[in-house]
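# Geometric and topological summary
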Amino acid sequence: MYSAASLLCAVIGAAYDVRSRRVPNFVTLPAICFGLIMHFVLGGWAELGSAAASGLLCGLIFLVFYLAGGMGAGDVKLITAVGCIAGLSIIGQLLILTSLAGGAMALGLAIYRRQFRITIFNIYTIALHHKTQGLTPHPEFNIGNARTLRLPYALAIAAGSAFCFVLKIAQR
């Protein structure tokens, strides 16, 4: 049930992200509240705490990428909402599968746009930058530069959520 609800949240967020390149607050904030309330109603205070911890953990991990200039705030809020709804029992899978989906989508986009080689070089450049500059966004390769390849990352969050949902069904 939790994985189905988190998938629905992620799909709604992805639809907005693909359409407008934004994940609006009117999607994420009610979803966070929904996840917390759902866990409280179904499992009491312990589940509420678990849901809050899930959202916080997911949000903090993605916050690092936001601070480094690699993703938008809407993606951070969406993974926080999806984490609150999903709960602690599956966020490990959710984060790993979302990361794998995002990486595969990014490579696919680079290949599709015939920019694979330059993308690999840019990843190296970004890694060197962050090694010396910490989380300071790279001056050229960041989410604010419209000329760089950009992926609506809510799609990766939705894909990771879908994989979790499928795995949950397969385990039954």
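Anyway, here's the lowdown on the structure attached to this text. (Residues numbered from 1 in each chain as written. Predicted model: local features only at pLDDT ≥ 70, side-chain atom pairs only at ≥ 80, totals over all residues. Heavy atoms only, no water.)

## What to know about the nonpolar core
Core analysis: the largest hydrophobic core is formed by 30 residues, its most contacted members being C9, F62, L78, I79, V82 and I157. Looking at this core, the element that brings in the most residues is helix α3 (residues 73-86), giving seven residues. Sequence-distant contacts of L78, that is, excluding residues within four places in its chain, are made with C9, A10, G13, V23, T28, A154 and I157. (Core = buried A, V, L, I, M, F, W, Y, C linked by side-chain atoms within 4.5 Å. Buried < 20%, exposed > 50% of the residue type's maximum accessible area, 1.4 Å probe, protein only. Helix = DSSP H or I, 4+ residues; strand = E, 2+ residues; numbered from the N terminus. Contact = heavy atoms within 4.5 Å.)

## Considering the side chain of T119
Position of T119 among the secondary structure elements: in helix α5 (residues 116-133). When its relative accessible area of 18% is taken as the criterion, T119 is described as buried. Sequence-distant contacts of T119, that is, excluding residues within four places in its chain, are made with A110 and L149.

## Points about the packing of helix α1 (residues 2-20) against α3
One way to put it is that α1 packs onto α3 with a least axis distance of 8 Å and a crossing angle of 165 degrees. With respect to each other, α1 and α3 are oriented roughly antiparallel. Classified by chirality, the crossing of α3 by α1 is right-handed. Residues Y2, A5, S6, C9, A10, G13 and D17 of α1 pack against D75, L78, A81, V82, I85 and A86 of α3. For the contact of α1 with α3, the per-class residue count stands at nine nonpolar, two polar and two charged. (Axes fitted to C-alpha atoms, helices over the stretch in contact; angles between N-to-C directions. Parallel < 35°, antiparallel > 145°, perpendicular 65-115°, else oblique. Left-handed = near helix turned anticlockwise from the far one by under 90°. Nonpolar A, V, L, I, M, F, W, Y, C, P; charged D, E, K, R; others polar.)

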